[in-house]
Amino acid sequence: MQEQELPPTQLETPTQLETVEEIRRSMMRKPLREEAAPTGEASRTGKTTGKERASRDRETGTVWPFRPRLRPPMALLGVLADDGEVVDWIHIYACQCVVGREDGDVTVPHDIGMSSRHFELSRVNEGGEFRWYVQDLNSSNGTFARVSESPIKHNQELMIGGRLYRFDAAPQGASAASAGEQSVPAERKVTQIIRTIPPADIQKLLPSMIELTAEGEAKRFVLHENRPEWIGTDPQKCSVVIEGDPFVDPRHAKLYRDDQGIWHIENAGSLNGTWLRVDRICVYKSAEFQAGEQRFLVRIP
């Protein structure tokens, strides 16, 4: 019996899957956004809310790549090689990831500067929005974040080049001076203070940046409150001159005090960055951290 042939209109049409190359070409499309004048909350704060972005995207026909909307977002932890290249990207699906020398989800056993459990990358639900935080786990040597600009607090540590420093805002200066004044008659107040405070101790009453070594405190750099203090190796450009450190730029960073009296540290586009010791900090898109002498990248896709 001869097999009956189906008419062309009744032939089954195979499902054609989009190839990897076609998908990649689609993903290369960058969303085009027509910037409009900010309104509502954005006009007051300079920041655009999620609802305002969605409304503007509908008006302009903007199409964005897919992102999960119901499940929590994942994070990426990149382990950097000594030359700065990422040797391993680790996808974080759980709500936390502990990094340490011996104990944790990611371990770096050959770095003796890391604590057994050094820092934690964790996901937190805050008002219906998920955010990722890096938190130090009471490590011995601290967790440092590479910053472009940040307020800096009294006794907070920072790394510049290959050296460690502590910022001293000298809050004890006023109390020390007032304690001396209370015990001195008014007519002898100025003379008595000059006589009883040694020159080395006078520096401790002024804002300073103090170099920390294995032996303890080393050089103290006194800071002026009414002018920016540039930090680097070039004495022609910097008032805080760091000598003998090949990892420091000629003009590396800047310390300054704003109109509200708050001190700030600002990186000056240096090669090796300016690092601030942090207890807990939110990562919105990406950031770089150091534990011991090991550096990590954190990305929130």
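Read on for an overview of the structure. Here, residues in each chain are numbered from 1, in the same order as that chain's written sequence. Residue-level local features of this predicted model are given only where pLDDT is at least 70; pairs of side-chain atoms are given and counted only at 80 or more, and the full residue set underlies all totals for whole chains, interfaces and linings. Excluding hydrogens and water, the side-chain figures rest on all heavy atoms present in the structure.

## Some points on the overall build of the protein chain
Only DSSP runs of H or I covering at least 4 residues are called helices, and only runs of E covering at least 2 are called strands; the numbering of each starts at the N terminus. Across its full length, the protein chain holds six helices and 20 strands. Out of the 301 residues belonging to the protein chain, those deemed buried represent 32%. Element-wise, carbon and sulfur atoms account for 50% of the exposed surface of the protein chain, whose accessible area totals about 20,100 Å². Only protein chains enter the accessibility calculation, which uses a 1.4 Å probe; a residue is then buried when its area is under 20% of its type maximum, exposed when over 50%, and partly exposed in between. Per-residue and other accessible areas follow the Shrake-Rupley method at a 1.4 Å probe size, with only the shown protein chains counted as cover for residues.

## Re the sheet that holds strand S4 (residues 106-107)
In short, DSSP must find at least two bridges between two strands for them to pair. Read across the open sheet, the five strands follow the order S4-S3-S5-S6-S18; overall the sheet is mixed. Both outer strands of the open sheet, S4 and strand S18 (280-283), are each paired with one neighbouring strand and no more. As judged from the four bridges shared by strand S6 (residues 129-136) and S18, these two strands associate in the antiparallel manner. Its bridge partner lying in S18, Gln135 is registered against Arg280.

## Regarding a negative patch on the surface
For patch building, the residue pool is restricted to those with more than 30% relative accessible area and no salt bridge; the joining distance is 9 Å between like charges and 5 Å between nonpolar side chains (Val, Leu, Ile, Met, Phe, Trp, Tyr). A side-chain nitrogen of Lys or Arg and a carboxyl oxygen of Asp or Glu constitute a salt bridge if their distance falls within 4 Å. Just so you know, the count uses Lys and Arg for positive and Asp and Glu for negative, and it drops His and the chain ends. Where a charge lies is defined by one atom per residue type: Lys uses NZ, Arg uses CZ, Asp uses CG and Glu uses CD. A cluster of like negative charges, contributed by Asp82, Asp83, Glu85 and Glu293, occupies part of the molecular surface. Within the fold, Glu85 resides in the loop between strand S1 (75-80) and strand S2 (86-92).

## Some remarks on the nonpolar core
Of all hydrophobic cores here, the largest spans 21 residues; its most connected members are Leu77, Ile92, Val99, Leu121, Val134, Phe296 and Val298. Elements with a contribution of two residues or more to this core: S1, strand S3 (96-100), strand S5 (119-126), S6, strand S19 (286-291) and strand S20 (294-299). No other element matches S1, which puts three residues into this core. Here Leu121 is in contact with Ala75, Ile92, Cys95, Gln96, Cys97, Trp132, Tyr133, Val134 and Val298, once residues within four sequence places are set aside. Here, the term nonpolar core denotes a set of buried Ala, Val, Leu, Ile, Met, Phe, Trp, Tyr and Cys residues that are joined through side-chain atoms within 4.5 Å. Ile160, Met209, Ala253 and Leu276 belong to the second-largest nonpolar core, a separate cluster that totals 18 residues. For this analysis, residues touch if any pair of their heavy atoms sits within 4.5 Å.

## Things to note about the packing of aromatic side chains
Given two aromatic rings, their pairing is described by the distance between the two centres and the angle made by the two planes. For Phe, Tyr and Trp, rings pair up if their centres lie within 6.5 Å, where Trp contributes its six-membered ring, and each pair is then called stacked (planes under 30 degrees apart), edge-to-face (over 60) or tilted (otherwise). Applying the stated criterion across every chain yields a total of three aromatic pairs. Geometry around Tyr133 places Arg280 over its ring, the cationic atom sitting 3.9 Å from the centre. Sitting over the ring of Trp89, Arg299 keeps its end group 5.6 Å from the ring centre. Consider the ring centre and the ring normal. A charge sits over the ring if Lys NZ or Arg CZ is within 6 Å of that centre and within 35 degrees of that normal.

## Observations regarding unusual backbone geometry
Despite not being glycine, Asn138 has its phi angle at roughly 55 degrees, a positive value. Topologically, Asn138 is positioned in the loop between S6 and strand S7 (143-147). The backbone phi angle of Asn155 is positive, close to 75 degrees, even though this residue is not glycine. Counting through the fold element by element, Asn155 comes out in the loop between strand S8 (149-151) and strand S9 (157-160). Judged by relative accessible area, Asn155 falls into the partly exposed class, the value being 44%.

## Describing the pattern of salt bridges
Counted under the stated rule, the structure contains 11 salt bridges. For Glu126, the salt bridge goes to Arg131, with nearest N and O atoms at 2.9 Å. It is possible to trace a salt-bridge network through shared partners that takes in Glu126, Glu129 and Arg131.

## Quick notes on the sheet that holds strand S14 (residues 240-241)
If you walk across this open sheet you meet the five strands as S8-S16-S15-S13-S14, and the pairing is mixed. Two strands close off the open sheet at either side, each with one partner strand: S8 and S14.

## Concerning the side chain of Glu120
Positionally, Glu120 belongs in strand S5. Buried charge without a partner: Glu120 forms no salt bridge, and the closest opposite charge is Arg117, 5.1 Å away. With near-sequence residues (within four places) excluded, Glu120 lies in contact with Gln96, Cys97, Val98, Tyr133, Val134, Gln135 and Leu137.

## Focus: the side chain of Asp249
Relative to the elements of secondary structure, Asp249 occurs in the loop between S14 and strand S15 (253-257). Within the buried core, Asp249 has no salt-bridge partner, and the shortest N-O distance to an opposite charge, that of Arg146, equals 8.1 Å. Separated by 3.2 Å, the side chain of Asp249 and the backbone nitrogen of Leu271 make a polar contact. Excluding anything up to four places from it in sequence, Asp249 contacts Gly232, Thr233, Gly269, Ser270 and Leu271. For the purposes of these results, a polar contact is taken to be a pair of N or O atoms within 3.5 Å, where, inside protein, one atom must be able to donate a hydrogen and its partner to accept one; residues adjacent in sequence count only when each atom of the pair is a side-chain atom.

## Examining the pairing of S2
Alignment of S1 against S2, held across six bridges, turns out to be antiparallel. Counterpart to Leu76 in the pairing with S2 is His91. Taken together, S1 and the strand that follows it, S2, pair antiparallel across an intervening segment of five residues, in which Gly84 is found at a positive phi of about 90 degrees.

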